[in-house]
Amino acid sequence: MVGAKSLVVPELPETETIARDLDRELVGHRIVGVRVTRPDVLREVRAAELVRRLTGAIIGRSWRRAKLVVIDLSTGDRLVVQPRFTGALLIDAGSMPEEERRYSTLALDLDDGRSVHYRDIRRLGTVALMSADRFEKATTALGVEPLDPAFTGEHLSVLLRGRRRAIKKVLMDQRIVAGIGNIYANEALWRAGIDPSREAGNVTAGEGLALREAIVSVLTESIALRGTSFRDYRDASGARGGFVEHLAVYGHAGDPCPHCGARLIGTHAIDGRMTVLCARCQK
DNA sequence: AGGGGAACCCGTACGC
DNA sequence: TGCGTACGGGTTCCCC
C-alpha cells in the first residue's frame, strides 16, 4: 500500500472525537495544578501566565471549531489546542504509558487525581489560552463548518464560484471551508467523481451538490468510527481511530479503485501534497 | 487575490 | 551496527 508511511494528521473527525471525549470526561472538574514541560508549544501566553490563569479554573464544555479543540473555562478563558501532526490530548488516570508520557508537553492536574496531558511528538502543534473576545478575533477568518446545516450544496457552489484554483486546494483552504485536510479532500473528491485538479469555478451546480454530500458523508462516517489513525493520532483515552480501513483512495495509490478497478494514481503535482485519484471515475 | 518560500520540529527511512 | 542526512506536513507569515 503506497502511502501507508505518510503521516495522517488530525482533521475535523479526529478533533471532533477528542473534543467529545474531553467533554464527556472533564465537565465540572477543577484544575488544581499545571505542569509545563515543553513551553515551545505555547501561543499567546507564557508558561507562568498559563499556570496562573488555569490554576483553580473549573472546566466547562469541550468542543471543536475547524481543526481546533476548544476547552471552555469558568474564568471565561478558552484553552485552544491545535494538534497539527502529532498532538493528542490524553486523560491520564494513572496508567498513561511511558511512551506517551515522554512526549507530554504540559499537564493539567484535576481535582479527582486524573491529569490531562497535551502530548505532541514533533511539537508542531500549539496550545493557546485566549479570552472569549480574543478567540472570536482569532477565528473570525475561518470558513463554514461542513457539518453545519448552512453548508448546503448551493452554498458550496457559491463558495466555489469564480475561483481559479484547483478544487482540492479550495476545499483545504480553511478560510473557505473549515476542517478539511488532505485525507478527507481526497476521499470526498473520489466519492463525488471530481478530478482534484479541476478549476473550482468550473465545478457545476450538480457536482456541487454531489461534492457537498460526499464531504458530509465521509466526515460523518469517520466521526462514527472515531477518526483515522495511521500512526500518531490518538483519542483522549489513547485509542486509535477506526476509519483508516474505510479509506477508499488515501494511502492506496497503485491499488485498484474500489469502484471501477482501475489503478489509483498518486501525484504531488496539484498542491505539493499527496493526491490519490481514479482517472476513470473522477472527471 | 493568490502563489511561493521559509519557519516551526523530530521520528523515520535510507544511504554508506 | 552506527552515524549522518533528507523528508514530511498544517499553518502562519512575509514577499512578490
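The rules behind these values
Within each chain, residues carry numbers counting from 1 in the order of the written sequence. Written order decides the labels, with chains lettered from A and ligands numbered from 1. A pLDDT threshold of at least 70 governs which residues receive local features in this predicted model, and a stricter bar of 80 or more applies before side-chain atom pairs are shown or counted, although totals over entire chains, interfaces and linings include all residues. To get the side-chain values, take all heavy atoms of the structure and skip hydrogens and water. Whenever a carboxyl oxygen of Asp or Glu lies within 4 Å of a side-chain nitrogen of Lys or Arg, that contact is scored as a salt bridge. Helix numbering and strand numbering both begin at the N terminus, where a helix is a DSSP run of H or I of at least 4 residues and a strand a DSSP run of E of at least 2. The rule is simple: take the accessible area with a 1.4 Å probe, protein chains only, and divide by the maximum for that residue type; under 20% is buried, over 50% is exposed, in between is partly exposed. At least two bridges found by DSSP between two strands is the condition for calling them paired. Pairs of residues are marked as contacts when any of their non-hydrogen atoms sit within 4.5 Å. A fitted line through C-alpha atoms serves as each axis, taken over the contacting stretch for helices, and the angle formed by two N-to-C directions is quoted from 0 to 180°. Think of pLDDT as the predictor's per-residue confidence, scored from 0 to 100. Here a helix's expected span is defined as the number of its residues, less one, multiplied by 1.5 Å.

Moving on, we get to the pattern of salt bridges. Inspection of every chain in the model, using the stated rule, returns 25 salt bridges. We note a salt bridge from R24 to D21, for which the minimum N-O separation is 3.6 Å. Note that R24 and D21 are positioned in helix 1 (residues 12-26) at a spacing of three residues, about one turn of the helix. For R24, a relative accessible area of 58% translates into the label exposed. D21 sits in the buried class, given a relative accessible area of 2%. One salt bridge connects R101 with D92, and the closest N-O pair in it is separated by 3.0 Å. Taking relative accessible area as the criterion, R101 reaches 33% and is therefore assigned partly exposed. According to the relative accessible area criterion, D92 is buried, its value standing at 7%.

This part is about the sheet that holds strand 2 (residues 42-43). The strand order 2-9-5-4-3 describes an open sheet built from five strands, whose pairing is mixed. Both outer strands of the open sheet, strand 2 and strand 3 (59-65), are each paired with one neighbouring strand and no more. Here strand 3 pairs with strand 4 (residues 68-73) via five bridges, running antiparallel. Considered in strand 4, the bridge of R65 is made with L68. In this fold helix 2 (residues 47-54) packs onto strand 2, strand 4, strand 5 (77-82) and strand 9 (126-131), with an angle of close to 55° to the strand it touches most, strand 9. Against the sheet, helix 4 (residues 132-139) touches strand 3, strand 4, strand 5 and strand 9, its axis set at about 120° to strand 9.

When pLDDT is averaged along chain A, the result is 91; 96% of the residues meet or exceed 70. Here residues 1-6 scores under 50 on pLDDT; set against residues more than four positions off or in separate chains, the count is 13 contacts.

Right, let's get into helix 1. Its 15 residues place the ends of helix 1 21 Å apart at the C-alpha level, agreeing with the 21 Å of an ideal helix rising 1.5 Å per residue. Judged by how many residues are buried, helix 1 sits mostly within the fold: eleven of 15 residues are covered. One or two steps after helix 1, the chain reaches G28, where phi turns positive at roughly 90°.

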